[in-house]
Structures are given as structure tokens and as C-alpha cells.
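Structural characterization, general
Chain by chain, the residues:
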Amino acid sequence: MVRGDDDRERVRAAVNLVEQFAAITRVKRSGRSYTALCPFHQEKTPSLSIDPARGLFYCFGCHKGGDVFTLIQETQGLSFPDALQALARQAGVVLTHRPGDGARAAERERLVEVMRRAVDFYTRRLLSGADAGPARAYLRSRGYDRALIEKFGLGFSPLHEPSLGTELRAAGVSNSVMERAGLAVRRGWDRGPGDGGGFRDRFWGRIMFPIHDLRGDPVGFGARLMSGDGPKYLNSPETPLYRKSRLLYGLHLARREISRSDRSVVVEGYTDVIAMHQAGMESAVATCGTALGEDHLEVLGRLGQRIVLAFDADRAGSDAVLRGERVSRRSGRRLDLRVAELPDGKDPADLLQEDRLEEVRRAVDDSRPALQYRMERRLSGVDLTDPESRARAVNDLGPLLAAVADQATRAVYERTLARMTGAGLSEIRAVVRRGAQRAGPSRPEAPRGPAPRRRDRHAPRGAAVERELLKAVLANHPALRELEVDSTLFGQDLYRQAFQQVESDWRVTPIGQPTPIAWRGEGSSDESEREGSPGEVDRELLAISADDLEPGDPRPLVIRCRRAALRREMDSIGARMRSLAADDPQRPRLLAQVVELERRRQELTGDLR
């Protein structure tokens with residue numbers, strides 16, 4: 001084994017595949033394996049199976065399969081060397097062989113390391129800096145203790161030296177790297193701390209809220225001004241690490257609770273998230289200085305179906321409803337977008353500071369569907385006895401109902417709106433139709449993944465038996481050790497090659513442990529699509545092993561496959577006999593072989609009874 005292969009196996013053994021999937025999609029236990037919504041194609045119900053014992057996954061919908069490196073490569077757009085480096089760092093594995101083409105991963109790693117240094121610097125200054133006194137007092141007033149500060153990595157950007165820029169330059173970090181990380185700006189008229197070489201620190205005199213990606217890497221900051229001029233909150237600029245349209249504050253801490261509860265709670269700001277987590281409501285997240293967009297909803301929808309908006313929904317208005325419907329249509333998964341109406345119109349952080357936790361919990365638990373809430377708010381205060389006022393309200397709400405892709409759901413809302421306004425159902429439906437015509441076609445987009453390949457339903461009966469026998473081999477069924485199992489039992493090229501690939505490992509695997517599968521998924525796309533190629537064989541092994549149903553008694557399977565193998569041998573001899581002349585001296589010997597093979601087949605038939 002070359003050093004690079006050794007690195008790969010060490011990293012694969014050190015990384016938990018289930019946890020990697022749980023970071024990006026919803027995962028549930030199912031027998032000895034786990035199921036998840038496939039991140040490689042859009043689907044309504046989970047069709048991806050994860051085998052933690054083997055460290056492999058397989059999707060029955062789009063037939064994507066592989067190991068943890070496949071997952072990282074496909075979901076993060078990395079090459080294999082880049083994925084190897086990223087996972088090695090995450091698992092704390094020191095590589096003995098440095099991949100040669102990891103430039104992109106190396107650049108990301110460099111920027112992430114700079115961000116980690118920045119988080120550490122700001123936290124130290126918050127906890128001990130003389131100029132951070134007002135910041136500490138502010139956080140104490142909100143009930144933040146040291147443990148909470150360290151959990152969220154809160155910090156303070158100093159007003160004076162030593163500054164972040166000074167510390168990073170002393171550690172060998174260049175101004176250009178700081179600029180690419182969003183920590184420094186080219187000097188303007190204001191000479192802030194960290195001034196050096198034409199650059200100054202981007203942030204100073206602010207409480208720092210680190211923003212992490214799903215993997216938990218710090219990628220940006222939200223910074224709250226303590227005093228003086230300037231915007232109350234200043235966020236990191238767009239960088240190679242920081243893409244605010246897809247980032248949600250606190251999601252790296254909330255993702256497990258969202259997946260467990262099937263519910264996320266979107267709040268207004270950073271302090272609201274912290275307050276919710278502090279109160280035990282750990283599914284709270286917030287956008288990073290931008291409106292709740294479709295990408296945010298897509299990310300949250302993969303982790304949990306219900307998304308509760310716990311902020312000023314009037315300000316979010318119809319946009320959140322429309323975005324949720326677009327994501328539902330695009331993904332094929334209906335998001336349950338809801339609104340929590342908070343008491344007195346206050347933010348969660350303020351309510352929790354007033355010890356009104358139960359009221360916040362009740363508001364979240366009693367949240368109403370976002371479209372229903374929007375309808376109620378639009379009709380609030382409208383004189384429904386006035387035909388013109390009623391018509392304006394109905395016309396405003398028509399496009400929202402028209403955006404609902406599911407016809408049954410839309411029909412329910414049409415009847416609800418008719419009941420709420422006193423308008424006729426036919427009138428409501430006409431308004432909705434006009435709204436749909438103005439919006440254009442709203443048919444669901446086709447799934448992005450390839451159409452499922454059908455195999456078993458149309459496969460020859462013998463192929464189905466061979467596949468079931470191979471399944472027993474992969475499950476390492478104890479009864480197989482008493483039987484004669486070899487590659488001659490498999491008449492299908494695909495299954496014969498698959499058995500030959502795992503045979504040596506199967507024969508030495510202890511009873512009670514599944515037969516390992518050596519995933520080889522780095523071939524060319526042309527090779528991987530060819531029937532019987534390594535890619536095709538690997539995918540078939542993954543598909544069989546991903547089936548959660550336990551294999552039955554393999555004895556009758558072996559007998560049936562043995563009978564089929566004898567029949568193939570008889571057919572081969574028969575073809576040879578037909579090619580010979582009637583008086584050829586070989587014919588009697590060959591005929592005797594056929595008779596003996598048939599006798600053995602009949603004996604096996606008796607064993608099946």
C-alpha cells in the first residue's frame with residue numbers, strides 16, 4: 001500500500017460518516033443503518049441509506065454511492081486530495097503524504113486558520129482587555145457568563161494596540177491574506193488600529209460574533225458597535241469563505257437539535273440566537289445581515305421540515321411565503337413554514353431576559369402556517385362589508401395562494417379565504433387563477449438527479465437469486481461457511497465480478513461482522529458507467545449492502561444457483577454435441593457427461609423439498 005492509500009484509510013476510519021451527513025441533511029436510524037434525504041438530488045422522502053459499519057452510503061433514487069470522500073467531494077466541490085486534506089484536519093489525522101493538487105483546499109485552510117486566530121484574539125481581548133470593560137458590562141447585563149462567551153466564541157475588537165493586525169503580522173500573516181479573509185481593509189482617511197503597510201483592521205471598538213459554516217469553521221463576523229458613529233452592526237464582506245446568502249448564525253450548534261426535532265426557529269439577530277440557546281431552545285438560528293432567502297430555506301429544509309419565523313413577520317411579509325413555496329416546488333419537499341407571534345412584539349432576547357421563557361416556548365409551539373398568518377394580518381382591520389376594501393384584500397392575497405404548488409393545499413386556502421372574507425369561492429378561485437397567470441407557470445421543476453434504474457423487477461429470475469446470494473455474502477451469513485460457495489455459482493457477469501471482488505475479504509471476516517467493501521470510486525465517468533466495470537460493480541455492491549432487509553437462509557439460494565450452474569454446463573456441452581457429426585466418437589462421452597450432470601441436478605431438486 002502506498003503512503004497516500006494509507007492516509008486515505010486512516011482518515012476514513014477516523015471520520016464518522018453518519019455525522020458528516022447529519023451536518024447537511026436530516027438523518028434517521030433505520031435498523032442497523034441510517035436513512036437520509038439525499039443531498040445529490042431532490043426528493044420528498046429519504047431514499048439514501050448509510051452503512052456506518054462499512055463507512056459507505058447508497059441512494060436508491062439517483063444511485064449515487066460511495067464513502068465519506070465521495071460525500072465531501074460532491075457536496076463541497078472539492079477534488080479528492082482537497083477532500084482528504086479537509087477531513088484529515090477535521091479528524092486530527094496528520095497526513096504522511098501531502099496531495100499535490102490541493103491548492104484550493106490549502107487556500108481555504110489558510111484563511112480558516114487566520115479566522116481561528118482572529119476568534120481567539122478577540123475572545124482574549126474581551127475577557128481581559130482594559131478597553132473591553134464596557135463590552136463585558138453589556139454582556140453581563142444580558143446574563144452572559146464565561147462559558148456562554150466561549151461556546152459562541154464572542155470577542156471584542158480593540159480600539160488601541162495591540163490590534164488584530166499587529167498580532168497576525170507578527171505571526172507571519174500577510175496583509176493580503178487578512179484582506180482575503182475580510183479582516184483588513186486598505187487604509188482610507190481613518191487610521192484605525194492595526195494600521196500597517198497601507199492596511200488597517202476592518203473592525204474596532206465592537207463586540208464580535210463569529211459566524212461559522214456547517215462544519216463549524218469560522219468564516220466571518222458580525223460586529224456590534226458599542227459607542228460612537230457608524231452602523232450598529234457591521235458584517236464581514238463577501239470572501240472565499242463568507243457567503244451570507246447561505247450562512248445562518250448558530251447553525252453549526254443548532255443542526256443536531258433541528259434534525260432531532262424536525263424544526264428550526266429563525267430569529268432576528270445574534271443575541272436572540274444566543275438567548276434562545278441559553279434558554280435550552282437550541283434549534284434557533286439567524287440570518288447574517290440579510291433577508292431570509294431561498295438558499296437559507298433550502299439549507300434548513302434539508303435538516304428539518306418545519307421552519308418557524310420568530311421575528312417581525314409583517315416585515316418579512318409575503319416574500320418569505322413566496323420563497324418558501326419556490327423552494328418547495330424546486331426541491332419536491334413541502335416546507336412547513338410557520339410564524340410565531342411573540343408577546344408584545346418583543347424580540348426573543350428581551351422576552352427571555354424578562355424571564356418569559358414559557359411565553360416564548362408557547363409562541364413557537366403554537367406557531368401558525370405562514371400563509372395563514374399572512375392572510376390574517378392582511379385582513380386585520382379591513383371593513384369586509386365594503387366591497388372595494390374586500391376586493392383589494394382578496395386581490396392582494398390571490399398571488400400568494402396562486403404560488404402554492406400543491407393543489408389540495410391551495411384548495412384548502414381558497415376555501416379558508418372565502419370563509420374569512422365572505423366572498424364566493426368562485427370569486428376567490430378566479431382571483432387565484434389571475435394571480436397564477438401573472439406569475440407564469442408554477443409546475444414543479446423536474447428532479448435534478450437521474451431517473452432511477454430498474455433492476456430487480458425486470459431482471460431474470462436467476463439474476464434475482466444470484467443477487468440475493470451475494471447479499472448473504474455481504475451480510476456474512478453464518479450458514480454460508482458450511483456450504484460450497486464460489487464464483488461458478490454466478491452466471492451473471494456483474495454478480496460474478498462483484499463476488500470475486502469481495503470473496504477474499506469475506507472468507508477471512510469473523511462471523512458476526514459484515515463483509516467489508518473496498519470502495520474504488522475514483523475511475524473515469526466513462527468507466528464507471530460501463531456494465532461490469534469497476535464503477536458498475538462498486539455501485540451494485542453498495543446497492544445490495546444498503547438493503548436493510550436481512551437475508552434469508554442461503555442454503556436454498558446456493559442450491560438454486562448450483563442447479564443453474566449445472567444447467568449452463570449442460571447447455572455448453574449440448575452446443576458442442578450439435579457441432580459434431582452424428583458418428584463422431586466424442587458424442588457418447590459428452591452424452592454421458594450430460595446424463596451425469598442431470599442426475600446431480602435432480603439430487604439438488606430433492607434437497608430443495
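Residues numbered from 1 in each chain as written. Predicted model: local features only at pLDDT ≥ 70, side-chain atom pairs only at ≥ 80, totals over all residues. Heavy atoms only, no water.

A word on the overall build of the protein chain
The helix and strand tally for the protein chain stands at 25 helices and 17 strands. Burial status across the protein chain gives 50% buried among its 609 residues. Within the protein chain, counting contacts between residues at least 6 apart in sequence, those at least 24 apart form 65% of the total. (Helix = DSSP H or I, 4+ residues; strand = E, 2+ residues; numbered from the N terminus. Buried < 20%, exposed > 50% of the residue type's maximum accessible area, 1.4 Å probe, protein only. Contact = heavy atoms within 4.5 Å.)

Re the sheet that holds strand β17 (residues 368–369)
The 6 strands lie next to each other as β12-β14-β13-β15-β16-β17, forming an open sheet whose pairing is mixed. This sheet does not close on itself; its edge strands, each paired only once, are β12 (248–249) and β17. In the sheet, strand β13 (residues 263–267) pairs with strand β15 (residues 306–309) via 4 bridges, with the strands oriented parallel. When the bridges of β15 are listed, Arg-263 appears paired with Arg-306. Packed on one face of the sheet, helix α11 (residues 270–278) meets β12, β13 and β14 (284–287) and runs near 175° to β14. (Pairing = 2+ DSSP bridges. Axes fitted to C-alpha atoms, helices over the stretch in contact; angles between N-to-C directions.)

So, the pairing of strand β16 (residues 336–339)
On a regular strand, one side chain projects to one face of the sheet and the next to the other, so that they alternate. Burial along β16 is two-sided: the residues Asp-336 and Arg-338 and Leu-337 and Val-339 are all buried. Here 4 bridges tie β15 to β16, and the two strands are oriented parallel to one another. By the bridge assignment, Ile-307 is partnered in β16 with Leu-337. Pairing between β16 and β17: 2 bridges, direction antiparallel. Paired with Arg-338 across the two strands is Pro-369, which belongs to β17.

Some points on helix α18 (residues 407–421)
Over its 15 residues, α18 extends 21 Å from the first C-alpha to the last, a length consistent with the 21 Å expected when each residue adds 1.5 Å. Residues of α18 that are buried include every one of Arg-410, Ala-411, Tyr-413, Glu-414, Thr-416, Leu-417, Ala-418 and Thr-421, and no others. One or two steps after α18, the chain reaches Gly-422, where phi turns positive at roughly 80°. (Expected span 1.5 Å × (residues − 1).)

Focus: empty space enclosed by the protein
Counted under the stated rule, the structure contains 2 cavities of 30 Å³ or more. Every residue lining the second largest cavity is listed: Lys-151, Phe-152, Pro-210, His-212, Tyr-249, Gly-250, His-252 and Leu-253. Among the secondary structure elements, those contributing two or more residues to the lining of the second largest cavity are α7 (146–152), β9 (206–212) and α10 (251–261). (1 Å grid on protein atoms, 1.4 Å probe; cavity = no way out; pocket = protein on both sides within 12 Å on 5 of 7 lines; lining within 4 Å. Points joined across faces, edges and corners; volume = space filled by probe spheres on them.)

What to know about the sheet that holds strand β3 (residues 48–51)
Overall, antiparallel pairing links the 5 strands, which are arranged β1-β2-β3-β4-β5 in an open sheet. Taken across any chain shown, the strands that pair with only one partner, and hence form the sheet edges, are β1 (27–30) and β5 (65–66). Both β3 and strand β4 (residues 56–59) contribute to a ladder of 4 bridges, which runs antiparallel. Within the sheet, the bridge partner assigned to Ile-50 lies in β4 and is Phe-57.

Here we look at the nonpolar core
Counting 61 residues, the largest nonpolar core has Leu-154, Leu-183, Phe-221 and Tyr-249 as the members making the most contacts within it. Ranked by the residues each element gives to this core, the list is headed by helix α5 (residues 103–128), at 9 residues. The residues contacting Leu-183, other than those within four sequence positions of it, are Val-114, Met-115, Ala-118, Leu-164, Leu-168, Met-178, Arg-200, Asp-201, Arg-202 and Phe-221. Grouped together as the second largest cluster of nonpolar side chains are 40 residues, Ala-254, Leu-303, Val-321 and Leu-371 included. (Core = buried A, V, L, I, M, F, W, Y, C linked by side-chain atoms within 4.5 Å.)

Notes on the packing of aromatic side chains
Aromatic ring pairs are reported here in terms of the distance separating the ring centres and the angle at which the planes meet. Summed over the entire model, instances satisfying the criterion amount to 14 aromatic pairs. Ring centres of Tyr-58 and Phe-60 lie 5.2 Å apart, and the angle between their planes is 85°; this geometry places the pair in the edge-to-face category. For Tyr-58, a relative accessible area of 3% translates into the label buried. By relative accessible area, which is 38% here, Phe-60 ends up partly exposed. With 5.3 Å between their ring centres and 85° between their planes, Tyr-122 and Phe-221 make a pair best called edge-to-face. Pair noted here: Tyr-122 is in helix α5 and Phe-221 is in strand β10 (residues 218–225), with a separation of 99 residues, a long-range link. (Phe/Tyr/Trp six-rings, centres within 6.5 Å; stacked < 30°, edge-to-face > 60°.)

Things to note about α10
Every buried residue of α10 is listed here: Leu-251, His-252, Ala-254, Arg-255, Ile-258 and Ser-259. All buried residues of α10 lie within an arc of 140° about the axis, which places them on one face of the element. One or two positions beyond α10, positive phi appears at Asp-262, with a value near 60°. (Arc of directions from axis to C-beta.)

A look at the packing of helix α16 (residues 370–379) against helix α17 (residues 387–402)
Interaxial distance between α16 and α17 falls to 10 Å at its minimum, and their mutual angle equals 165°. In terms of orientation, α16 and α17 fall into the roughly antiparallel class. Considering only the axes of α16 and α17, their crossing is right-handed. Residues Leu-371, Arg-374, Met-375, Arg-378 and Leu-379 of α16 form the contact with α17, whose own contacting residues are Arg-392, Ala-393, Asp-396, Leu-397, Leu-400 and Leu-401. (Parallel < 35°, antiparallel > 145°, perpendicular 65-115°, else oblique. Left-handed = near helix turned anticlockwise from the far one by under 90°.)

Regarding the pairing of β14
Residues of β14 alternate between two faces, with Ala-284 and Ala-286 on one and Val-285 and Thr-287 on the opposite face, all of them buried. Examined bridge by bridge, β12 and β14 share 2 bridges and lie antiparallel to one another. Residue pairing in the sheet places Tyr-249 in a bridge with Ala-286 of β14. Both β13 and β14 contribute to a ladder of 3 bridges, which runs parallel. Residue pairing in the sheet places Val-267 in a bridge with Ala-286 of β14.

A look at unusual backbone geometry
Omega for the peptide link from Glu-161 to Pro-162 comes to 0°, which places this bond in the cis form. Within the secondary structure layout, Pro-162 lies in the loop between β6 (155–157) and α8 (164–170). For His-63, which is not a glycine, the phi torsion comes out positive at approximately 65°. Look at His-63 and you get buried, because its relative accessible area is 11%. Positive phi is not limited to glycine here, since Asp-344 has a value of about 60°. Within the secondary structure layout, Asp-344 lies in the loop between β16 and α14 (348–353).

Some words on the confidence of the model for the protein chain
Predicted confidence across the protein chain gives a mean pLDDT of 84, with 87% of residues reaching 70 or more. A low-confidence stretch, residues 442–460 (pLDDT under 50), is modelled with 28 contacts involving residues beyond four sequence positions or located in other chains. (pLDDT = per-residue confidence, 0-100.)

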